[in-house]
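# Chains, contacts and geometry: an overview
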Amino acid sequence: MSLPHAILTALLEKPSSGLELTRRFDKSIGYFWSAAHQQIYRELGRLEEKGLIRALPAAQSARGQKKEYEVLPAGRAALTEWVTLAEDPRPVRDPLLLRVRAAGVVGAAGLTTELRRHLSLHQQQLTEYETIEKRDFPTPPRTEEDRLRHLVLRGGIELETFWISWLKEALTQLA
């Protein structure tokens, strides 16, 4: 249910073509809500059928020209309603946690290699988030929109910090 809302959010931030939208997903929303490019294109079609978005009229008619989409009032209303809905937290579903649990049954041989790999990946992601924070939020955000965007980024930073701490503890326990 959240992919359509992620797309509506991105289009409200900036009307975009499907290609531009997939690139923006790769650089921002995709950090916390990923979707394959084909999923995004399929969802654009569904949102347009439901009357939540529309393709903007092309400046000039040309075959193969990319469509640029914008959110219609019904789409904004649907997103506004969704923002206020109650939703319980989802349980963590991470294969690494299951691997650690399974290692308790079959043995931890080779597990430290995977834990170190994950540690490196989380450290890289943390570095990327911190770089984005320094670039995009050098001073405290002033607008509500910027404060909320920064809050999402801070959530990502805190999650990466958690994983790094947990992985270091796991590696210490296995040493």
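Note that this is a predicted model, so its numbers are computed, not measured.

Examined at the domain level, the protein chain breaks down into domain 1 (3–84) and domain 2 (95–174). The C-alpha centroid of domain 2 is placed 29 Å from the C-alpha centroid of domain 1.

Next up on the list: a nonpolar patch on the surface. Taken together, F32, W33 and V152 make up a surface patch of nonpolar side chains, about 290 Å² in accessible area. Within the fold, V152 resides in helix α7 (residues 144–174). Residue V152 is classed as partly exposed on the basis of its relative accessible area, which comes to 42%.

In spatial order, the strands read β1-β3-β2; together these 3 strands make up an open sheet with antiparallel pairing. The open sheet has two edge strands with one neighbour each: β1 (16–17) and β2 (53–55). Of the strands in this sheet, β2 and β3 (68–71) touch helix α3 (residues 37–49), which is tilted by about 105 degrees from β2.

Axis separation between helix α5 (residues 95–106) and α7 bottoms out at 13 Å; the angle between their running directions is 15 degrees. When the axis of α5 is compared with that of α7, the two are roughly parallel. Crossing hand, α5 versus α7: left-handed. Residue-level inspection shows L96, L97 and V100 of α5 in contact with α7, the latter providing W163, W166 and L167. Of the residues in the contact of α5 with α7, the class split is 6 nonpolar, no polar and no charged.

Taking every second residue as pointing to the same face, the buried face of β3 carries Y69 and V71, while none of E68 and E70 on the other face is buried. One ladder, built from 2 bridges, connects β1 with β3; its direction is antiparallel. Paired with S17 across the bridge in β3 is E68. Pairing analysis gives 3 bridges linking β2 to β3, with the strands arranged antiparallel. From the neighbouring strand, A55 faces β3, where its bridge partner is Y69.

Conventions adopted
Residues numbered from 1 in each chain as written. Predicted model: local features only at pLDDT ≥ 70, side-chain atom pairs only at ≥ 80, totals over all residues. Heavy atoms only, no water. Domains from an automatic or database assignment. Patch = residues over 30% accessible without salt bridge, like charges linked within 9 Å, V, L, I, M, F, W, Y side chains within 5 Å. Areas by Shrake-Rupley, 256 points an atom, 1.4 Å probe, with all protein chains shown as cover. Salt bridge = Lys/Arg side-chain N within 4 Å of Asp/Glu carboxyl O. Helix = DSSP H or I, 4+ residues; strand = E, 2+ residues; numbered from the N terminus. Buried < 20%, exposed > 50% of the residue type's maximum accessible area, 1.4 Å probe, protein only. Pairing = 2+ DSSP bridges. Contact = heavy atoms within 4.5 Å. Axes fitted to C-alpha atoms, helices over the stretch in contact; angles between N-to-C directions. Parallel < 35°, antiparallel > 145°, perpendicular 65-115°, else oblique. Left-handed = near helix turned anticlockwise from the far one by under 90°. Nonpolar A, V, L, I, M, F, W, Y, C, P; charged D, E, K, R; others polar.

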